[in-house]
Amino acid sequence: MKTALSIAGSDSSGGAGIQADIKTMTMNGVYAMSAITALTAQNTTKVSGISEVEPDFLQKQIDAVFEDIYPDAVKIGMVSSVGLIKVIIGRLKYYKAENIVVDPVMAATSGSNLIRSEAVSVLAEELLPISTIVTPNIPEAEILSEMSIQNKADITEAAKKISDRYGCAVLLKGGHSINDANDLLYADGICRWFEGQRIDNPNTHGTGCTLSSAIASNLAKGFDLEISVQRAKEYISGALAAQLDLGRGSGPVKHAFNLNGYFALMPEQI
């Protein structure tokens, strides 16, 4: 069985972070593992607390995974400090990790900041160059590209800037009121648009985590980058279309929308 490692923060409400990653990886057919960068006290309306792990303990988690069950892909999500990012970079280089997907989580759906400003430059300058692909939304891409993004042409220019500067592929997500749900993949100097129809669902908590984990899962299984992105887009569309409605804020998507096996049945279905 193919395997994938998520290096990210924990979401106590289960909709984003490690919890979303494990659900997504499981549903996409790979064995999920985790290295937790931080505990968060959060729900669909707010983040009320963040407790980072110590860098040496994060290293122990990563080492424990790689020394026993070597991951076929690695997804990196919320990493809020320079020390933690440095550990991740060092261990991924040491173990010669492949298929590295970076979701540059900078703020929660509720609007809370999740990364310190000094860590952004280290993530960009040192982590992205060893990565396969980075998956910013428009606000994150504006930070990484140092430009304003207002239209489709800006999306293309920003993706090219990020890719050329840091040497990794870029999936720039157009879901923040530009281009409906169309995303741009820029890889090896080639642009490809992935068309999508905006799904009328206000519950989008953890969609970035979910998409990046689905990409990592498909890379782990041996699909090429374009097919991995396409399959991930189809998965997140299905999870949104299932219209799960939990919580009082922007709730989670239904990661298990396609789970119809015997052990998932309700009593009245048996």
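Just so you know, the residues in each chain are numbered from 1, in the order the chain's sequence is written. A pLDDT threshold of at least 70 governs which residues receive local features in this predicted model, and a stricter bar of 80 or more applies before side-chain atom pairs are shown or counted, although totals over entire chains, interfaces and linings include all residues. Hydrogens and water molecules were not included; the side-chain quantities draw on all heavy atoms of the structure.

Draft legend 1. Up close: the packing of aromatic side chains. The criterion for an aromatic pair is that two Phe, Tyr or Trp rings (for Trp, the six-membered ring) have centres within 6.5 Å, with stacked assigned to planes under 30 degrees apart, edge-to-face to planes over 60 apart and tilted to the rest. Under the defined criterion, the tally for this structure stands at four aromatic pairs. Pairing phenylalanine 66 with tyrosine 70 gives two aromatic rings, centres 5.1 Å apart and planes at 85 degrees, and the pair type is edge-to-face. Classification of phenylalanine 66 by relative accessible area gives buried; the value is 5%. Between tyrosine 94 and tyrosine 95 the ring centres are 4.9 Å apart and the planes differ by 90 degrees, which places this aromatic pair in the edge-to-face class. Through a chain of ring-to-ring contacts, the aromatic side chains of Phe66, Tyr70, Tyr94 and Tyr95 assemble into a single cluster. Over the aromatic face of tyrosine 94 sits the side chain of arginine 91, whose NZ or CZ is 4.5 Å from the ring centroid. Relative accessible area decides the class of each residue, using a 1.4 Å probe on protein chains only: under 20% of the type maximum gives buried, over 50% gives exposed, and in between gives partly exposed. In this scheme, the term charge over a ring applies when either NZ of a lysine or CZ of an arginine sits within 6 Å of the ring centre and within 35 degrees of the ring normal.

Draft legend 2. View of the pairing of strand S3 (residues 47–52). Being paired, for any two strands, means DSSP has found at least two bridges between them. Put simply, DSSP marks the helices as runs of H or I at least four residues long and the strands as runs of E at least two long, and each gets a number from the N terminus on. Bridge count for strand S2 (residues 31–42) against S3 is five bridges, and the pairing is antiparallel. If you follow leucine 39 over to S3, its bridge partner there is serine 51. Joining the antiparallel neighbours S2 and S3 is a turn of four residues.

Draft legend 3. Summary view of the nonpolar core. Ranked by internal contacts, the top residues of the largest apolar core, which has 46 residues, are Ile7, Leu58, Val74, Ile76, Ile88, Leu128 and Leu172. We call two residues contacting when some pair of their heavy atoms lies within 4.5 Å. Those residues in contact with isoleucine 88 that lie beyond four places of it in its chain are Ile7, Leu58, Ile62, Ile76, Val79 and Leu127. Residues belong to a common nonpolar core when they are buried Ala, Val, Leu, Ile, Met, Phe, Trp, Tyr or Cys residues joined through side-chain atoms within 4.5 Å. Core analysis: the second largest hydrophobic core is formed by 26 residues, Ala169, Leu185, Ala214 and Leu219 among them.

Draft legend 4. Broad picture of helix H7 (residues 207–220). The length a helix should cover is 1.5 Å for every residue beyond the first. Taking 1.5 Å per residue as the helical rise, H7 with its 14 residues ought to reach 20 Å, and the 20 Å between its terminal C-alpha atoms agrees with that figure. Most of H7 sits out of view: 13 of its 14 residues are buried. Phi turns positive one or two residues past the end of H7, at glycine 222, with a value near 105 degrees.

Draft legend 5. Inspection of the environment of isoleucine 69 at higher detail. Relative to the helices and strands, isoleucine 69 is located in the loop between helix H2 (55–68) and strand S4 (73–76). Owing to a relative accessible area of 32%, isoleucine 69 belongs among the partly exposed residues under this scheme. Separated by 24 residues in the primary sequence, isoleucine 69 and threonine 45 place their C-alpha atoms 36 Å from one another.

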